[in-house]
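Close look at the chain arrangement
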Amino acid sequence: MMKSYSDPNFLPFTRPSIDEETIAGVAEVLRSGWITSGPQVQALESQLSAWCGGRPVRVLNSGTAALEIGLRLAGIGGGDEVITTPLSWVATSNVIIAAGAKPVFVDADPVTRNIDLDLIEAAITPATRAILPVYLAGLPVDLDRLYAIAAKHGLRVIEDAAQAFGSTWRGARIGARGDLVAFSFQANKNITSAEGGAIVLPGEADAALAEKLRLQGVIRFGENGMDVDVVGGKFNLTDVAARIGIGQLKRLEEFTARRRELARHYFDCFDRSLGCELPPEDFRHSNWHMFQVLLPERVKRAEFIARMRSAGIGIGVHYPAIHLFSLYRRLGFRDGQFPHAERIGRSIATLPLFPAMSKTDVERVCRETTRILKGEEK
Ligand SMILES: *Cc1c(COP(=O)(O)O)cnc(C)c1O
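Residues numbered from 1 in each chain as written. Predicted model: local features only at pLDDT ≥ 70, side-chain atom pairs only at ≥ 80, totals over all residues. Heavy atoms only, no water.

A full pass over the atoms with the stated rule returns 21 salt bridges. The residue Lys-212 makes a salt bridge to Asp-229 at a minimum N-O spacing of 2.9 Å. Linking Lys-212 in helix α8 (residues 204-214) with Asp-229 in the loop between β11 (225-228) and α9 (239-249), this pair joins segments that are 17 residues apart in sequence. Overall, the relative accessible area of 48% leaves Asp-229 in the partly exposed class. Note that Arg-371 and Glu-368 form a salt bridge whose closest N and O atoms lie 2.7 Å from each other. Highlighted residues: Arg-371 and Glu-368, both in helix α14 (residues 359-373), separated by three residues, approximately one helical turn. The exposure class assigned to Arg-371 is buried, which follows from its relative accessible area of 13%. A single network of salt bridges, built from pairs that share partners, joins Asp-19, Arg-251 and Glu-254. (Salt bridge = Lys/Arg side-chain N within 4 Å of Asp/Glu carboxyl O. Helix = DSSP H or I, 4+ residues; strand = E, 2+ residues; numbered from the N terminus. Buried < 20%, exposed > 50% of the residue type's maximum accessible area, 1.4 Å probe, protein only.)

This is the structure in structure tokens:
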């Protein structure tokens, strides 16, 4: 694994772009004598808040922490049900279980691969408290419909926008409106702080509570005075990480534009006769976090991935359906419950897509995919 990442001819499915200005900035933070949460965290928060139309934002040490704190702020706890998708990174539903609540899965839409909004109302019970949608590969759901359903049933919304920083819905940035919105800045995301995350909040009261929850419930006042009135965790972001995030945020628009251009090139070059299902051709809302194809049923995915790897190309799997993991089977979930998520989870393959890639790289991925899926020898 590590060998591939140091091999200049290996094309990974993603790779962060950290510029020299950011590296110098990180060195400055390291030399400053203050490396944990401090001025860089505050600067990143105010820049993110400006990005999100002035809404309060608090940064955290992961996207998972953003979801956990989002659930706490929404008052989700024992006996509550939260509606979500089985087609996501497992963090999405693990945080619901960790909160003492019950994940209620709704199948994915076979075209968008996101939660099927048509199926949400049938899953609502008297115990339902919130909807936790995921914007897979950066493609948002129809936010007008989502919030109409939530309003009709009095539900909170915690948006898992971990993959959707830089995406928009009908001209509005993800995070600029809505209820609680969670972002991740983990290394593979469109902008990164190595590890990190942020939550966009409905109001300043939530921001004060989020600050407590991220650091042991501590409230500070006066000269070294402090009190603790809730149980908090240890979710604060370091200034070292925040400085990376500041360097990345400057380049977000450039990154997104480059991802769109490369995704467009995939649509132009990908051999449509192979029987793969391509993602929706959305050049209006998505930040193109990933370019994912569904392999035809006849293809063994593991074999395809191994052969692409031998050809020097990294392929990702995002994601196997969550409800089929053994933890979830123990909770009573089983095969056949969410057929679209299961089929997508079995056949999905993430092709390389990241800003530093070239159009020639896209052409190489398409060529090798054709060669391998057609069973031709080199
Ligand atoms: C990355 C990711 C998360 C978790 O973010 P971390 O920063 O890794 O904790 C949650 N949900 C989705 C959909 C993700 O892609």
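Contact geometry for helix α11 (residues 301-310) and α14: axes closest at 10 Å, N-to-C directions at 130°. Considering the angle they form, α11 stands oblique to α14. α14 is crossed by α11, and the crossing has right-handed handedness. For the pair formed by α11 and α14, the contact residues are Phe-304, Arg-307 and Met-308 on the first element and Val-365, Glu-368, Thr-369, Arg-371, Ile-372 and Leu-373 on the second. Split by residue class, the contact of α11 with α14 holds five nonpolar, one polar and three charged. (Axes fitted to C-alpha atoms, helices over the stretch in contact; angles between N-to-C directions. Parallel < 35°, antiparallel > 145°, perpendicular 65-115°, else oblique. Left-handed = near helix turned anticlockwise from the far one by under 90°. Contact = heavy atoms within 4.5 Å. Nonpolar A, V, L, I, M, F, W, Y, C, P; charged D, E, K, R; others polar.)

Neighbouring the ligand are 16 residues; Gly-63, Thr-64, Asp-160, Ser-184 and Lys-189 lie closest to it. Gln-163 places a polar side-chain atom, nitrogen or oxygen, 2.8 Å from an oxygen atom of the ligand. Contact between the ligand and Ser-184: an oxygen atom at 2.7 Å from a side-chain N or O atom of the residue. A total of 380 Å² of accessible area belongs to the ligand in isolation, and the protein chains cover 92% of it. Residue assignment for the shell around the ligand shows that the elements contributing at least two residues are α4 (63-73) and α5 (91-98). (Near = heavy atom within 4 Å. Polar contact = N/O pair within 3.5 Å; in protein donor to acceptor, adjacent residues only side chain to side chain. Areas by Shrake-Rupley, 256 points an atom, 1.4 Å probe, with all protein chains shown as cover.)

Partitioning the protein into domains gives domain 1 (20-249) and domain 2 (252-373). A C-alpha centroid distance of 25 Å is found between domain 1 and domain 2. Between domain 1 and domain 2, the contact holds 40 residues from the first and 38 residues from the second. Buried surface at the junction of domain 1 and domain 2, both sides included, amounts to about 3200 Å², of which 61% is carbon and sulfur. (Domains from an automatic or database assignment. Buried area = accessible area lost by both parts, 1.4 Å probe.)

Before going further, it helps to examine α8. Residues Asp-206, Ala-207, Ala-210, Lys-212, Leu-213 and Arg-214 constitute the buried set of α8. On its buried face, α8 is in contact with α3 (39-51), β1 (57-60), α4 and β10 (218-221). Gln-216, located one to two residues past α8, shows a positive phi value of around 60°.

Spatial strand order, β1-β9-β8-β5-β4-β2-β3: seven strands in an open sheet with mixed pairing. Whereas interior strands pair on both sides, the edge strands pair on one side only; in this sheet they are β1 and β3 (102-105). Strand-to-strand twist of the sheet, defined as the mean angle between neighbouring strand axes without regard to direction, takes the value 25°. As paired strands, strand β8 (residues 180-184) and strand β9 (residues 197-200) are joined by four bridges and run antiparallel to one another. Paired with Ser-184 across the strands is Gly-197, a residue of β9. This element, α4, spans β1, β2 (81-84), β4 (128-132), β5 (156-160), β8 and β9 of the sheet and lies at about 165° to β8. On the sheet, α5 packs against β2, β3, β4 and β5 and is oriented at approximately 140° with respect to β3. (Pairing = 2+ DSSP bridges.)

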